Amino acid sequence: MAKAEKLEFQTEVSQLLKLMINSVYSEKEVFVRELVSNASDACDKLRYLATTKEKLLQSDPDLKIKIEINKKDNLVTIVDNGIGMNKKDLVSNLGTIARSGTAQFIKEATETKDLSLIGQFGVGFYSAFMVASDLKVVTRKAGESKLWIWKSDGESNFTIEESDDLDQLNSNRGTKIILTITKENKEFLDKIRIEEIIRKYSDHISIPIFVQNSGDKEEEKPEAINSALALWTRPKNKITKDQYKEFYNHVGQMFDDPWMTSHYKAEGQIEYTVLNFIPSTKPFDLYDPARENRLKLYVKKVFITDNCPELIPPYLRFLRGVIDSEDLPLNISREMLQNNPVVKKIRNALVKRTINDLKKKLAADRASFEQFWVNFGPVIKEGIYEDFEKKDNLLEIALFKNSNSTKLITLDEYIETMDKKQMDIYFITGDSYDNIINNPSLEGYKSRGINVLILDDPVDSFWTSSTPSFNEKNIKSITKGIDDLDNLGKKKKDEKEKKEDKSIEPLIVLLKEKLKDKVKDVRTSSRLTESPVCLVADESSMDPQLEKILQQHNQLQQGISLKILELNPDHKLIKKLAKMSKDKSSIGDIENIAILLYEQSMILDGEKPSDPVNFSKKLIDTISASIN
Ligand code: ADP
């Protein structure tokens, strides 16, 4: 026998193991769910490989999972005749390479003490250490000759060795996981207890699961504990809510309740069955670029892949579940899926159906839809600019914060409450609701009772830039271009006011000169009621928030474009400055104040002052002068 090779656990894995070993978590039974789930995945993978390499299944054609309990030696063994692992698989899957969810799981488990979430983060295997002092994995990869043994006591290292004793597995392939159960966890050495756990979590697993006490005579026709039927093939009225949930938990690697369950068979040109779920909480990796699609593709009940990006657009990536096609060939390769017309048709139908289902839910249960929107609205909004065809349908179900109320509203609801004279849909973008709602640019709209959509997701800057209208109404930024508030007619200026406006022209000329490096233009506007000034973008410029995001990601060719400084001609400070501008001796003071006004506008826009040192100096000078 070759010498055992010692390997160190990756640091995060070590931390995770400590958490498992020391856990006082009460629902340790979830380790059964995790190991059975892995065994079932391993069988699914083999079944797929065997569609092109039949030989792999031949000598042992019935896929199964067996759990054996040895009370005398405190052992629980879980055996599958699935795909198995070779040395390389063992090293990378069980110990040395951190999975993307490890750190996140450690953080959440430390905070919530809820270890049942473990499977969600792709580290379920290690849950075995909640109940076992030692773990031994005996495994042989299908089609390969070598048998490998992985061993660990959950401390900082583990060993891998090759073994000549091929009889350690009853099959020529698969994995056997042997757990030495600790004194405190003896309850898991009870056959009835294990069977109960399997019924609770794993009834939907489509591979038969058998439980046996070691030493018991092999039954001729043992009975599986689970029903071992692909759940989606059963009629809807024969499936309980709990069975759906269990299936969702397994297939979606989510441990909440599904927010929406969608189970149907499409029959027509192409035939397929869908059993899909939308989670009620946000998956931890929703924004992780490396995350894989969690929709599993099956062909005639054989698992093909859970990595088929062609099956759903990224903006529906929160969907979990199964699509089972009757039309694709069983031996389809992942490459062949790429431009496959059947996959394309399924995708189109799936998108249409999902959006329709969401629309119905919006109409039927607003409060619940709002919860969904809080979780996945920003993801759906990616579709508004990615999926030109579905843009309008997505806009119809989108909900928005707004300046007139604290409730979320749809665009249709926005339009319904528009004044007759208001032609456009107004919005403002920014990095948070609280910052935006206090932005001076909103004042003129608020004072006239005109509603403005408050868009505070980064994605909003993108879709608004490529969406000029909805239902024939322009979608217009209120921080870009000249405001049209005076045309909205609620407050028309009289002749006297117009004359007063004229009297600030010398001030405008002066400010243009003093701020020429900082702003593109200076002008008056009706946007402001309380504040003296604000900054807006030129009509032809990019949305300021979009510019900011692109700059943060180093994707802005030119620098940030210069803004336009707008003055509130009715503000007492501006009136005073207008008067001062006629007196040459005050020009120095006006310059200081101009810079202060400009810089504080930057701050209100969520920016840093352009020249903090100068800003701070001028601020101190001005304060000092005011208390003299
Ligand atoms: P996950 O199953 O979510 O990927 P785990 O920590 O449970 O995370 O398992 C890690 C990996 O180890 C699996 O992805 C799989 O590649 C491998 N693995 C675990 N159990 C088995 C098994 N019984 N047969 C084959 N491979 C397995």
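Residues numbered from 1 in each chain as written. Predicted model: local features only at pLDDT ≥ 70, side-chain atom pairs only at ≥ 80, totals over all residues. Heavy atoms only, no water.

Caption draft 1: View of the domain arrangement of the chain. Its domain assignment divides the chain into domain 1 (5-213), domain 2 (231-369), domain 3 (391-487) and domain 4 (495-627). Inter-centroid distance (C-alpha atoms) of domain 3 to domain 4 is 24 Å. Each partner contributes residues to the interface: domain 3 has 25 residues there, and domain 4 has 27 residues. If you sort the residues of domain 3 by the area they bury against domain 4, Pro440, Glu443 and Lys480 come out on top, with a joint share of 27%. Taken together, the links from domain 3 to domain 4 amount to zero salt bridges. (Domains from an automatic or database assignment. Contact = heavy atoms within 4.5 Å. Buried area = accessible area lost by both parts, 1.4 Å probe. Salt bridge = Lys/Arg side-chain N within 4 Å of Asp/Glu carboxyl O.)

Caption draft 2: Spatial organisation of the environment of Ile207. Relative to the assigned elements, Ile207 resides in the loop between helix 6 (191-201) and strand 8 (209-213). For the pair Ile207 and Gly559, spaced 352 residues apart in sequence, the C-alpha to C-alpha distance is 59 Å. Once residues within four sequence positions are removed from consideration, Ile207 is found in contact with Ser40, Cys43, Asp44, Arg47, Leu63, Lys64, Ile65, Asn226 and Ala228. (Helix = DSSP H or I, 4+ residues; strand = E, 2+ residues; numbered from the N terminus.)

Caption draft 3: Representation of a negative patch on the surface. On the surface, Glu267, Glu271, Glu326 and Asp327 cluster together into a negatively charged patch. In this fold, Glu271 is placed in the loop between strand 9 (258-266) and strand 10 (272-279). (Patch = residues over 30% accessible without salt bridge, like charges linked within 9 Å, V, L, I, M, F, W, Y side chains within 5 Å. Areas by Shrake-Rupley, 256 points an atom, 1.4 Å probe, with all protein chains shown as cover. Lys, Arg positive; Asp, Glu negative; His and termini not counted. Charge placed at Lys NZ, Arg CZ, Asp CG, Glu CD.)

Caption draft 4: View of the site of the ligand. Around the ligand, the structure places 14 residues, and the nearest of them are Asn38, Asp80, Arg99, Gly122 and Phe125. Here an oxygen atom of the ligand and a side-chain polar atom of Asn38 are 2.7 Å apart. Its free accessible area being 530 Å², the ligand has 88% of it covered by the protein chains. If one sorts the elements of the shell around the ligand by residue count, helix 2 (residues 30-50) sits on top with three residues. Split into classes, the residues belonging to the shell around the ligand amount to five nonpolar, six polar and three charged. (Near = heavy atom within 4 Å. Polar contact = N/O pair within 3.5 Å; in protein donor to acceptor, adjacent residues only side chain to side chain. Nonpolar A, V, L, I, M, F, W, Y, C, P; charged D, E, K, R; others polar.)

Caption draft 5: Layout of a nonpolar patch on the surface. Taken together, Leu619, Ile623 and Ile627 make up a surface patch of nonpolar side chains, about 290 Å² in accessible area. Residue class for Ile623 comes out partly exposed when judged on its relative accessible area of 44%. (Buried < 20%, exposed > 50% of the residue type's maximum accessible area, 1.4 Å probe, protein only.)

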